[in-house]
Amino acid sequence: MKVDGRTAPETGSILDAVLALGIHLPHLCKDDNLPPIGACRTCLVEADGRVVAACHTPAAGVSEVLTASERVARLRREVLRLTSRMHGREPDVAGGPRSGEIWAAYEEHGLERPAFPRRIRDGTDATSPFFEFEEQACILCGRCVTACQQLQHIGAIGIAGTATSARVTPGAGATFASSICTACGSCVAACPTHALRPKPMSDPAQAGRSRRRGNGTEDR
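Residues numbered from 1 in each chain as written. Predicted model: local features only at pLDDT ≥ 70, side-chain atom pairs only at ≥ 80, totals over all residues. Heavy atoms only, no water.

Caption draft 1: Summary view of the sheet that holds strand β3 (residues 44-47). Read from one edge to the other, the open sheet built from 5 strands follows the order β2-β1-β5-β3-β4, with strand pairing classed as mixed. The sheet is open, and its two borders are formed by β2 (6-7) and β4 (50-53), each paired with just one other strand. Note that strand β1 (residues 2-3) and strand β5 (residues 64-66) share 2 bridges and pair parallel. Counterpart to valine 3 in the pairing with β5 is valine 65. Against the sheet, helix α2 (residues 70-84) engages β3, β4 and β5, with an angle of about 155° to β3. (Pairing = 2+ DSSP bridges. Helix = DSSP H or I, 4+ residues; strand = E, 2+ residues; numbered from the N terminus. Contact = heavy atoms within 4.5 Å. Axes fitted to C-alpha atoms, helices over the stretch in contact; angles between N-to-C directions.)

Caption draft 2: Here's a closer look at the side chain of arginine 143. Position of arginine 143 among the secondary structure elements: in helix α4 (residues 143-151). Assessed through its relative accessible area of 0%, arginine 143 is described here as buried. There is a polar contact of 3.2 Å between the side chain of arginine 143 and the backbone oxygen of histidine 27. There is a polar contact of 2.9 Å between the side chain of arginine 143 and the side chain of glutamate 101. When sequence neighbours within four positions are dropped, the list of residues in contact with arginine 143 reads His27, Leu28, Cys29, Lys30, Asp31, Leu34, Ile37, Arg98, Glu101, Ala190 and Pro192. (Buried < 20%, exposed > 50% of the residue type's maximum accessible area, 1.4 Å probe, protein only. Polar contact = N/O pair within 3.5 Å; in protein donor to acceptor, adjacent residues only side chain to side chain.)

Caption draft 3: Layout of the side chain of serine 99. Position of serine 99 among the secondary structure elements: in the loop between α2 and α3 (101-108). A residue is classified by how much of its surface remains accessible, and serine 99, at 7% relative accessible area, is buried. Reaching out from serine 99, the side chain makes a polar contact with the backbone oxygen of glycine 96 at a distance of 2.8 Å. With near-sequence residues (within four places) excluded, serine 99 lies in contact with Cys191, Pro192, Thr193 and His194.

Caption draft 4: Seen up close, the nonpolar core. Residues Phe133, Cys144, Ile157, Val168, Cys187 and Leu196 are the most contacted members of the largest nonpolar core, which totals 29 residues. Excluding residues that lie within four positions of it along the chain, phenylalanine 133 makes contacts with Gly123, Thr124, Asp125, Cys138, Val168, Phe176, Ala195 and Leu196. In this structure, Ala17, Leu25, Cys43 and Val45 belong to the second largest nonpolar core, which totals 20 residues. (Core = buried A, V, L, I, M, F, W, Y, C linked by side-chain atoms within 4.5 Å.)

Caption draft 5: Examining the packing of α2 against α3 more closely. Following both chains from N to C, one finds α2 and α3 inclined at 135°, their axes separated by 10 Å at the closest point. Relative to α3, the element α2 lies oblique. When the axes of α2 and α3 are compared, the crossing they make is left-handed. Residues Leu80, Thr83 and Ser84 of α2 form the contact with α3, whose own contacting residues are Ile102, Ala105 and Tyr106. Of the residues that constitute the contact of α2 with α3, the class distribution is 4 nonpolar, 2 polar and no charged. (Parallel < 35°, antiparallel > 145°, perpendicular 65-115°, else oblique. Left-handed = near helix turned anticlockwise from the far one by under 90°. Nonpolar A, V, L, I, M, F, W, Y, C, P; charged D, E, K, R; others polar.)

So, in structure tokens, the structure goes:
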């Protein structure tokens, strides 16, 4: 198989082959430690003339992959433009280890200002003693859910609702503190934005404090 004219291994997915060659390709919903989800479509490439999600397409049987053709670069840019309308500005707080991926993808594709009205979601859940969830920064990539369900086998969170009402949640009317969440941190480690982020260690008063608004929870 050739990727941008270079010989690449035909094992695993096309994304595996692309990354093995040192070619950077956004893959916001694909965590190295998790199975592919195929939700965000930010890893679109051309494979033998077809546009496919690289993370979800086996490399076996593919002859030629283009990661930077005009066609596929334009499509990825539009996907990222739509993604950028799902969240607010980058918060001035420290995120998890993957929290810079989305901003790097925007920069690589020349995106500065989104063109569509932003989806408004302002729910906040800070009931966990170790992390907090800012819903306005969530892009519904599903990494956190997959980490919780398939890596830790806990199943404390899921995606409820459809279309514009879809959201990551520990259950209807539930908070992280009242759910079966063990605060293992896998969801925080997997999040490519600042939606799930550690609580600042310098603010111990915040640990254990419960506040949630806009999504059915309450302060205490």
